[in-house]
Structure formats: C-alpha cells, structure tokens
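Given next are the chains, with one letter for each unit.
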Amino acid sequence: MAARDPCTPWFAKVIALVVAAYAFSPIDLIPDFIPVLGYLDDIILVPLGVILVVKLIPPEVMDKHREVADSITEHPTSQIAAGAIIIIWIIFVTFGSWLLLRHISSYRSL
C-alpha cells in the first residue's frame, strides 16, 4: 500500500516494483536447481530489497499505512483462486500416483 501512495518517491516505487518482479519471476540470478545456492539469492536479495524500499519510503507514509494494515481484520480471499489451487493439487497428486503405480507395475513385471 505504501509503495502506491502518491507521497512515496518515484525511485522507491521503481525499486519496489523491481523487488516484487524478482520475487515472483521464475528467472533467478542463480537457478533454483543448484543445491543451497539456488535459494540463497532469494533468501538474501528479496529481504534486502524490501528493507531498502522501506527505508526509502518516508516514515510518515509508512506509519499511516501500517495503521491501516493493522486495522484490517479481514484478510483478502479469493474462492476462485482457492478452488484453482485445490484443482492443481488434485491433478498433481493424481498424476504423481499414476506415475508411481506405473513404475511399481513395470518393476513387478521384470
């Protein structure tokens, strides 16, 4: 919320956008399939970016938006998104079970 406030400097908005894009991007500086190092860049770069953005946003803007965030009692929810995630999990579990059963049956036929 604070990054979208008109009182927030433009460079803080740009850095916030870059940090959010990096956090959600499937492309990393170090690919995730590399053990330990793959997640290390996410664990270090994203929090450092968030800290930088918070420091660049004026304190009065952050205080105002923290009060607003604290006063929100309902968390935003989407039943469509929840349903989509459940369907995706069902598909993955079904496909994984099918692969496992196929592997087990091919092992038994040897």
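Just above, that's the structure.
Residues numbered from 1 in each chain as written. Predicted model: local features only at pLDDT ≥ 70, side-chain atom pairs only at ≥ 80, totals over all residues. Heavy atoms only, no water.

J.: Tell me about a nonpolar patch on the surface, and please be specific about residues and values.
T.: Taken together, L29, I30, L37, Y39, L40, I43, I44, L45, L48 and I51 make up a surface patch of nonpolar side chains, about 930 Å² in accessible area. Judged by relative accessible area, which is 35%, L40 ranks as partly exposed. (Patch = residues over 30% accessible without salt bridge, like charges linked within 9 Å, V, L, I, M, F, W, Y side chains within 5 Å. Areas by Shrake-Rupley, 256 points an atom, 1.4 Å probe, with all protein chains shown as cover. Salt bridge = Lys/Arg side-chain N within 4 Å of Asp/Glu carboxyl O. Buried < 20%, exposed > 50% of the residue type's maximum accessible area, 1.4 Å probe, protein only.)

J.: Run through a negative patch on the surface, naming residues and quoting values.
T.: A cluster of acidic residues, E60, D63, E67 and D70, forms a negative patch on the protein surface. Position of E60 among the secondary structure elements: in helix 3 (residues 59-71). The exposed category is assigned to E60, whose relative accessible area is 55%. (Lys, Arg positive; Asp, Glu negative; His and termini not counted. Charge placed at Lys NZ, Arg CZ, Asp CG, Glu CD. Helix = DSSP H or I, 4+ residues; strand = E, 2+ residues; numbered from the N terminus.)

J.: Help me get a handle on the pattern of salt bridges, residues and values and all.
T.: Side-chain pairing between opposite charges can occur once the charged atoms of the two side chains come close. Using the criterion set out here, one finds one salt bridge in the structure. With its nearest N and O atoms 3.0 Å apart, the salt bridge here joins K64 to D5. Of the two residues, K64 is situated in helix 3 and D5 in the segment before helix 1 (10-24); the sequence distance between them amounts to 59 residues. Among the residues examined, D5 registers a relative accessible area of 5% and is labelled buried.

J.: Let's hear about the nonpolar core: which residues, and what values?
T.: If you look at the biggest cluster of nonpolar residues, it comprises seven residues: A2, A12, A16, V53, I57, V61 and M62. If you list the elements that add at least two residues to this core, you get helix 1 and helix 3. Non-local contacts of I57, meaning those with residues more than four positions away in its chain, are made with A2, A3, T8, A12 and M62. (Core = buried A, V, L, I, M, F, W, Y, C linked by side-chain atoms within 4.5 Å. Contact = heavy atoms within 4.5 Å.)

J.: Hey, could you go over the packing of aromatic side chains for me, with residue numbers and the actual values?
T.: Counted by the stated rule, this structure contains two aromatic pairs. Each ring, one from W10 and one from F11, has its centre 5.9 Å from the other, and the planes form 85°; the classification is edge-to-face. Using a relative accessible area of 37% as the deciding quantity, one classes F11 as partly exposed. (Phe/Tyr/Trp six-rings, centres within 6.5 Å; stacked < 30°, edge-to-face > 60°.)

J.: Before we move on, could you go through unusual backbone geometry and cite the residues and values that matter?
T.: In this structure, V36 is a non-glycine residue whose phi angle is positive, near 65°. The topology assignment puts V36 in the loop between helix 1 and helix 2 (37-56).

J.: Lay out the packing of helix 1 against helix 2 with the relevant residues and their values.
T.: Two elements in contact, helix 1 and helix 2, have axes separated by 9 Å at closest approach and are oriented at 160°. Here helix 1 is positioned roughly antiparallel relative to helix 2, judged by the angle of their axes. The crossing of helix 1 and helix 2 is left-handed. Taking contact as the criterion, the partners of F11, A12, I15, A16, V19, Y22 and A23 in helix 1 are, on helix 2, D41, D42, L45, V46, G49, V50, L52, V53 and L56. Grouping the constituent residues of the contact of helix 1 with helix 2 by class yields 13 nonpolar, one polar and two charged. (Axes fitted to C-alpha atoms, helices over the stretch in contact; angles between N-to-C directions. Parallel < 35°, antiparallel > 145°, perpendicular 65-115°, else oblique. Left-handed = near helix turned anticlockwise from the far one by under 90°. Nonpolar A, V, L, I, M, F, W, Y, C, P; charged D, E, K, R; others polar.)

So, to be careful, I would describe these as geometric facts and stop short of saying anything about function.
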